[in-house]
Structure formats: structure tokens, C-alpha cells
Amino acid sequence: MFDLTGKSALVTGASGGLGGAIAEALHGAGATVVLSGTREGPLNELAAKLGERAHVVTCDLSDAEAVAKLPGRAAEAAGAVDILVNNAGITRDALLMRMTDAQWSEVMDVNLSSVMRLSKAAMRGMMKARWGRIINISSIVGATGNAGQVNYAAAKAGLVGMSKSLAYEVATRGITVNCIAPGFIETAMTGALDEEQRDSILGSVPMGRMGAPEEIAAAVLYLASPEAGYVTGSTLHVNGGMAML
Amino acid sequence: MADDIETRVRKIVVEHLGVEEEKVTENASFIDDLGADSLDTVELVMAFEEEFGIEIPDDAAETIQTFGDAVKFIKDAQ
């Protein structure tokens, strides 16, 4: 349905379940994809599975200098970065009373500051092309809050404010900036939950199930498409009805 | 012979801001006189960097307010 032929997309956190599904969806629509992450093994596996139009560029998102260079390296590999999907994220959960400064800073660096740096570095090419898509993967907890995730929720809510502000700045250049806020999705991150936590979460999801990574990827694909050109500064909630915002 | 710096800078400004060449005078302010918005000035600086193969740091970019400022900066940088 959506055609991204001729477009290049940089997807961070592509070695994870969600990032992998996002990369597959964009690639399936004809885009050239640059898979970024810290673990080269899974990235290479995914690139091999996708075949042509897939490149691997590793990057540690907690390294500010490496982050600023990533879009340039991605453009070298793929020709351009027309679509930037900031998907990478980490958790360092703890109650605030027990949270260390390091747990706070690590989450802020990777989940929020890296997005600012990547967006800034990718912007030049998008401005010249008069076309661009920045899609930031936020989270339901950025809107609702969650005990034990003061750092994660702050970073994810921060993405929403950042996206809206940037959307204002670049709207006249054909560049859209949006967020997707997933609810509970079947990934390694939620796989770490025990059965009791799972049951309690599912009890609060009207659909009574977790989401599939492909269901987030489909939302990314839409926002990346030419058809979504009039959608900017928005947050698309994909959460099975868990929070109807 | 290659065009001189004034001519090349003027060409970029005219193309980018869609203004008439006569309006791009020494003291013409990009924002006040030539209708640029703040993002246009960022793009102009990007275009100067590419045309002349120079780097214009952010703090220097802020001082480039007029056509004359741009020409002077580029002359000094070369």
C-alpha cells in the first residue's frame, strides 16, 4: 500500500525485536534501510535476511560523538537519510528512592539526548531534499507514568515535547516529526516481566493481549509514507486500548 | 574565470530567498530586508559552506546578518 522506493531509512535499535520489525516493514515497502545498533551479530543476520538494500552501521548511542556521526555514515552507506526512526531505548528501572544518578543519566543519554543529536545531524540532508520523516518511538508510560520508571517515562515524555518543537521548526521544509507510543509489545524488554506482572498488565489492556512488533512497524510505515505528509507533531498511540489518549 | 565572491554569494541569496538581485545590497539584512526566517538563515549558511568549502561554526553564523557580513566572513575564511 505504501511505497518507499528510492527512500533511505536509518533505524536505531535494529538488533531488537521492535527495531527489526520496523526495518523489515520499511524495507518491504521498497526503502533502503540502514540497521544500527550495538550488537553487530543480530544486525548482520537481519541484513542477510533482508538481502539487497540493507546496510549495517553499528553505533553506541551513549557516545555523543559517535551519535553525531551516525547519520553521515548511514548516508554514505545508503545514499541519504530520508527517514530517521529513533527506536533504540534502554531501561534502568528502580524506584526513585533507589535510583542512582547513573541510572538516570544512562536512560536520558540513550533514550532522549541521542535522538536530539541524530535528528540534528540528519536534518541537513532532509532540508536540502525538502523531504524528511523523523519518527520517534516514545512509550505509553511517557503519557501515563509508571512506578519504577521515573527515568524512562521522563525520557519518553521528553521525546513528545522535542518532536512537537522540532515539527514546528521544519514544517515548511516538507519534514514531519512524529512519535509513536507503543503499549505493551512482545519484545525482549517486556519478556523480562514475570508472569504476575504480565497478568496484571494484560488485565488493563482492553484487547486482552500484548501487541506484536509488526503492529508498531505498520504505524511507522504509515508515518514514513508520502501519504502521511500532513501529519506532524502528533503522537500515535498503539496500545490495544490500554490508554485512550 | 570564476565569478567573484560577491557574485556567488548574491546568486545563492537570490535563488534561496527568491528576491530580486538589486535588493541584495551590502547592508541588506537577510531577515529584515530580504524576508528570510530563522530557518532560511540556517540554510543560507549551509549553502555558503558548500559553495565555498568552508565551515561556519554556529557562533560565527549568528554574526552573519547581512549580505555584506556573509561576503566579509567568506573572504576572511578563504
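Residues numbered from 1 in each chain as written. Chains lettered and ligands numbered in written order. Predicted model: local features only at pLDDT ≥ 70, side-chain atom pairs only at ≥ 80, totals over all residues. Heavy atoms only, no water.

Going by the annotation in an unreviewed UniProt entry, the name recorded for chain B is Acyl carrier protein, with Tranquillimonas rosea given as the source organism. For the record of chain B, the UniProt heading Sequence similarities (unreviewed entry) holds the text "Belongs to the acyl carrier protein (ACP) family." Looking at the Subcellular location (unreviewed entry) heading of the UniProt record, one finds this comment for chain B: "Cytoplasm". (UniProt positions renumbered as here; feature names shortened; annotations may be inferred.)

An unreviewed UniProt entry lists chain A under the name 3-oxoacyl-[acyl-carrier-protein] reductase, with Tranquillimonas rosea as the source organism. Quoted straight from UniProt, the Sequence similarities (unreviewed entry) entry for chain A says "Belongs to the short-chain dehydrogenases/reductases (SDR) family." According to its UniProt record, chain A has this under Catalytic activity (unreviewed entry): "a (3R)-hydroxyacyl-[ACP] + NADP(+) = a 3-oxoacyl-[ACP] + NADPH + H(+)".

**Q** Where do I start with the overall build of chain A in this structure?
**A** Each helix and strand counted, chain A has nine helices and seven strands in total. Relative to a compact globule of 245 residues, whose C-alpha radius of gyration would be 18 Å, chain A shows 17 Å and is just as compact. Projected onto the principal axes, the alpha-carbon positions of chain A cover approximately 45 × 40 × 40 Å. Of all 245 residues assigned to chain A, the portion counted as buried reaches 49%. A gap of 10 Å separates the mean positions of the 19 positive and 23 negative side-chain charges of chain A. (Helix = DSSP H or I, 4+ residues; strand = E, 2+ residues; numbered from the N terminus. Rg over C-alpha atoms; globule rule 2.2 N^0.38 Å. Buried < 20%, exposed > 50% of the residue type's maximum accessible area, 1.4 Å probe, protein only. Lys, Arg positive; Asp, Glu negative; His and termini not counted. Charge placed at Lys NZ, Arg CZ, Asp CG, Glu CD.)

**Q** Sorry, what's going on with the interface of chain A and chain B here?
**A** By a widely used convention, the size of an interface equals the accessible area lost when the partners come together. Counting residues at the interface gives nine residues for chain A, matched by 10 residues for chain B. Buried area between chain A and chain B, summed over both chains or domains, comes out near 730 Å², and the portion from carbon and sulfur atoms is 44%. For chain A, the biggest contributors to the area lost against chain B are R124, M127 and R173 of chain A; these three give 67% of the whole. If you look at where chain A meets chain B, you find seven salt bridges. Among the ionic pairs, R173 of chain A bridges to D40 of chain B, the shortest N-O distance being 2.7 Å. The interface formed by chain A and chain B includes six residue pairs in polar contact (both at pLDDT 80 or more). In terms of residue class, the side of chain A that touches chain B is built from two nonpolar, one polar and six charged. (Contact = heavy atoms within 4.5 Å. Buried area = accessible area lost by both parts, 1.4 Å probe. Salt bridge = Lys/Arg side-chain N within 4 Å of Asp/Glu carboxyl O. Polar contact = N/O pair within 3.5 Å; in protein donor to acceptor, adjacent residues only side chain to side chain. Nonpolar A, V, L, I, M, F, W, Y, C, P; charged D, E, K, R; others polar.)

**Q** For this particular structure, what's the right way to read the UniProt feature "domain: Carrier" (unreviewed entry) in chain B?
**A** Residues given the UniProt feature "domain: Carrier" (unreviewed entry) here are residues 3-78 of chain B. As a span, residues 3-78 of chain B carries 57% helix and 0% strand, and end to end its C-alpha atoms are 15 Å apart.

**Q** How should I be thinking about the side chain of R173 of chain A in this particular structure?
**A** Along the chain, R173 of chain A falls in the loop between α6 (150-170) and β6 (175-182). For R173 of chain A, the side chain forms a polar contact with the side chain of E43 of chain B, separated by 2.9 Å. For R173 of chain A, the residues in contact, after removing those within four places along its chain, are M127, R130 and W131 of chain A together with D37, L39, D40 and E43 of chain B.

**Q** So what exactly am I meant to see when it comes to the packing of helix α1 (residues 5-17) of chain B against helix α2 (residues 38-52) of chain B here?
**A** Packed helices, taken two at a time, are described by the angle between their axes plus the distance between the axes. Residue and element names in this part refer to chain B. It is at 10 Å that the axes of α1 and α2 come closest, and there the two elements cross at 140°. Of the possible angle classes, the one that applies to α1 and α2 is oblique. Handedness of the crossing formed by α1 with α2: right-handed. The segment α1 lies against α2, with I5, R8, V9, I12, V13, H16 and L17 engaging D40, E43, L44, A47, F48, E51 and F52. Looking at the contact of α1 with α2, its residues break down into nine nonpolar, one polar and four charged. (Axes fitted to C-alpha atoms, helices over the stretch in contact; angles between N-to-C directions. Parallel < 35°, antiparallel > 145°, perpendicular 65-115°, else oblique. Left-handed = near helix turned anticlockwise from the far one by under 90°.)

**Q** I tried to follow a nonpolar patch on the surface on my own but got confused; where do I start?
**A** All names here are of chain A. A surface patch of nonpolar side chains, about 270 Å² in accessible area, is lined by L96, W104 and V150. One can find V150 in helix α6. For V150, a relative accessible area of 35% translates into the label partly exposed. (Patch = residues over 30% accessible without salt bridge, like charges linked within 9 Å, V, L, I, M, F, W, Y side chains within 5 Å. Areas by Shrake-Rupley, 256 points an atom, 1.4 Å probe, with all protein chains shown as cover.)

**Q** Would you mind going over the layout of surface pockets with me for this structure?
**A** The gaps of empty space that remain are located by a probe, the size of a water molecule, rolled over the atoms. Considered as a void within the structure, the largest pocket measures approximately 1300 Å³ in volume. Taken together, 50 residues line the largest pocket, and the ones lying closest to its centre are T91, Y152, T187, M189 and T190 of chain A. Residue assignment for the lining of the largest pocket shows that the elements contributing at least two residues are α1 (17-28), β2 (32-37), α5 (140-144), α6, α7 (188-191) and α8 (195-203) of chain A. Of the pockets and cavities examined, the second largest pocket occupies roughly 1100 Å³. Looking at the lining of the second largest pocket, the elements with two or more residues in it are α4 (101-129) and α6 of chain A together with α2 and α3 (58-61) of chain B. (1 Å grid on protein atoms, 1.4 Å probe; cavity = no way out; pocket = protein on both sides within 12 Å on 5 of 7 lines; lining within 4 Å. Points joined across faces, edges and corners; volume = space filled by probe spheres on them.)

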